[in-house]
Each structure stands twice: as structure tokens, then as C-alpha cells.
Amino acid sequence: MKKICPSILSADFSDLKKQILEVEKAGADIIHCDIMDGNFVPNISFGAKVIADVNNITDLPLDVHLMINSPERFIDEFYEAGADYISVHYENNLHLNRVINQIKYLGLKAGVVLNPSTPVFMLDDIIESADYVLIMSVNPGFGGQKFIPNSLDKIRKLKEKIFKNNYKCDIEVDGGVGLGNIKEISEAGADMFVCGSSIFGAENKAEVIKRMKSLI
Ligand code: DX5
Ligand code: ZN
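A few points on the structure. Here the structure is a predicted model, which is why all the values come from computation and not from measurement. (Residues numbered from 1 in each chain as written. Chains lettered and ligands numbered in written order. Predicted model: local features only at pLDDT ≥ 70, side-chain atom pairs only at ≥ 80, totals over all residues. Heavy atoms only, no water.)

**Side note on the coordination of the zinc ion (ligand 2)**
Point 1. Each protein donor to the zinc ion (ligand 2) is listed here as His32 (NE2), Asp34 (OD), His65 (ND1) and Asp174 (OD); together their distances run 2.0 to 2.3 Å.
Point 2. If you look at the zinc ion (ligand 2), its six donor atoms make angles of 70 to 168° with each other, and the shape they trace is octahedral.
Point 3. Of note, the zinc ion (ligand 2) draws all its donor residues from one chain, in the sequence arrangement H-x1-D-x30-H-x108-D. Linking Asp34 in strand 2 (residues 31-36) with His65 in strand 3 (residues 62-67), this pair joins segments that are 31 residues apart in sequence. Residues Asp34 and His65 agree in their burial class; the two are buried. (Donors = N, O, S within 2.8 Å, 3.2 Å for Na, K, Ca; no water. Tetrahedral: all angles 85-135°; square planar, octahedral: opposite > 155°, others 65-115°. Helix = DSSP H or I, 4+ residues; strand = E, 2+ residues; numbered from the N terminus. Buried < 20%, exposed > 50% of the residue type's maximum accessible area, 1.4 Å probe, protein only.)

**Thoughts on the environment of Gly143**
Point 1. Position of Gly143 among the secondary structure elements: in the loop between strand 6 (132-136) and helix 5 (151-165).
Point 2. In sequence terms Gly143 and Gly176 are 33 residues apart; their C-alpha atoms lie 7.9 Å from each other.
Point 3. In this structure, Gly143 is in contact with Leu9 and Ser10, ignoring residues within four places of it in sequence. (Contact = heavy atoms within 4.5 Å.)

**A look at helix 5**
Structural remark: α-helix, 3.6 residues per turn; residues separated by three or four positions point the same way.
Point 1. Taking 1.5 Å as the rise per residue, helix 5 with 15 residues should run 21 Å; its terminal C-alpha atoms sit 21 Å apart, in good agreement.
Point 2. Here the buried face of helix 5 lies against strand 5 (109-114), strand 6, strand 7 (170-174) and helix 6 (182-188).
Point 3. Where helix 5 terminates, the next one or two residues include Asn166, which has phi positive at roughly 55°. (Expected span 1.5 Å × (residues − 1).)

**A look at the layout of surface pockets**
Point 1. One number sums up the size of the largest pocket: a volume of about 250 Å³.
Point 2. Lining the largest pocket are 26 residues, and of these Phe142, Gly143, Gly144, Asp174 and Gly175 sit closest to its centre.
Point 3. Contributions of two or more residues to the lining of the largest pocket are made by strand 2, strand 3, strand 8 (192-195) and helix 7 (197-200).
Point 4. Grouping the constituent residues of the lining of the largest pocket by class yields ten nonpolar, 14 polar and two charged. (1 Å grid on protein atoms, 1.4 Å probe; cavity = no way out; pocket = protein on both sides within 12 Å on 5 of 7 lines; lining within 4 Å. Points joined across faces, edges and corners; volume = space filled by probe spheres on them. Nonpolar A, V, L, I, M, F, W, Y, C, P; charged D, E, K, R; others polar.)

**A look at the side chain of Asp34**
Point 1. The charged side chain of Asp34 is buried without a salt bridge, its nearest counter-charge being Lys154 at 16 Å.
Point 2. In this structure the side chain of Asp34 is engaged in a polar contact, spanning 2.8 Å, whose partner is the side chain of Ser7.
Point 3. Among the polar contacts made by the side chain of Asp34, one reaches the side chain of His32 at a distance of 3.0 Å. (Lys, Arg positive; Asp, Glu negative; His and termini not counted. Salt bridge = Lys/Arg side-chain N within 4 Å of Asp/Glu carboxyl O. Polar contact = N/O pair within 3.5 Å; in protein donor to acceptor, adjacent residues only side chain to side chain.)

**Concerning the sheet that holds strand 7**
Point 1. Read from one edge of the open sheet, eight strands run 1-8-7-6-5-4-3-2, paired in parallel fashion. Looking at the sheet topology across the chains shown, the edges are occupied by strand 1 (3-6) and strand 2. In this sheet, adjacent strand axes meet at a mean angle of 25° when their direction is disregarded.
Point 2. Pairing geometry for strand 2 and strand 3, over six bridges, is parallel. Note on strand 3: the bridge partner recorded for Ile35 is Leu66.
Point 3. Each of strand 2 and strand 3 is contacted by helix 2 (residues 48-57), which is oriented at about 170° to strand 3, the strand it contacts most.
Point 4. Taken strand by strand, helix 5 contacts strand 5, strand 6 and strand 7, and its axis lies near 165° from that of strand 6. (Pairing = 2+ DSSP bridges. Axes fitted to C-alpha atoms, helices over the stretch in contact; angles between N-to-C directions.)

Given below as C-alpha cells:
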């Protein structure tokens, strides 16, 4: 089943509990949590304490997207905080196979993330180990950016690779996803849709989620 994953980066942090319960009630499938270190990406967000607090208020699975250097040092901490999915970037991991196995060993879903300029063929020797691949459709670091059009091609290529080889791997898309393009992204082959500003920036979040679900 395809999944809508609201990204709390775009939520009002002074009102986080209410907003998370609102999207949960509206049928969101997963809560996407962006961890930024001001180093791998030019922004700082929040850490494991926030994940633990969010985990206490929702039954939804938590998808932790690590935009940090040396992610292997923090996997246990996010596991203990309640992460269900953890993804790490291809671009800053010298030992990607090791860190993916580290995540899977804890019983979590492990994902590999590709930046917009990293080609899909870079996944050739890791995709078999990954539970999901996250295609960044904006440069990571900020919410509210515009979807980069060639991401659709990347999703199609990845879908074909997964289909041909019968891999058990989902495709997640993150950045600039909204009501205007979610149908096309779904048709390209995506399974999980990360939506920050298009959901948390909306007056009626429930209506947006309902419409998104009817389009995917
Ligand atoms: C960007 C983050 C995204 C962000 C998406 O680096 O990884 O998850 O929250 O925000 P929107 O949906 O507004 O592009
Ligand atoms: Zn993200």
C-alpha cells in the first residue's frame, strides 16, 4: 500500500502534538522526521529527544531521515528513541553496507538516500540490502523547495531496476511533493510520499491528505 508521510520539519514546533494528532487522525501513514546537523546540510533541525517525545504521542511509525555526518554513531540513539525506519545518505557514507546492516540488525527498516545529483546506478551494489531507497527531489536541508523535474526519471529507472531484479525495496520521494504533482510521482513508481509544506502549510490538513490518497 502506498503511504503518505507528513514531514514535521514544516510543522509549527510550538504546537507539535496537536498537529501530529491531526495528521494521524486524517489518515497519514508514517511521520517523517528530518535530522540535520548543520554540517552535511546547511541547516540544523532537532535530535533524538524530539523523536522520543513524538513517539510518545503517536502510534504511527517514525521514519528518521538522517542528514548528518557519521550517522553510524547515532543509530542506537534513534533506535532507542523509537525510530521504525532510518535512512542514511549515499553521499557521506564510506561504509554504507555496514551502516545499513547496523540498522537492520536492530530490526528497523533501512533506507539509502540519493541526493538529486547522485545517479541511480550508484545503488547497484547496495540495493539488495536496502528496505527502501529515498530519492531526494530537492537538495536536502530545507522544506518548501521546488520539485526537481528529473527526479521523475530517476524514480522510473529505479522502479525498473527493482521490478527486473525482483528486489524487495520501496521507493520514497522527498521534496516539493504536493497535490499538483503527487499523481505523476506515483505513476512513475513511488511508494512513499514525504510531504512537508504541502500538508503542514495547509489550512485543512485532513482534506489535503484525503485528496492525496485519492491521487496515489
Ligand atoms: C528536506 C527534507 C524534507 C522536507 C520536505 O531536506 O528532507 O523532508 O521536510 O519539505 P517539503 O515537502 O516542503 O519540500
Ligand atoms: Zn526528509
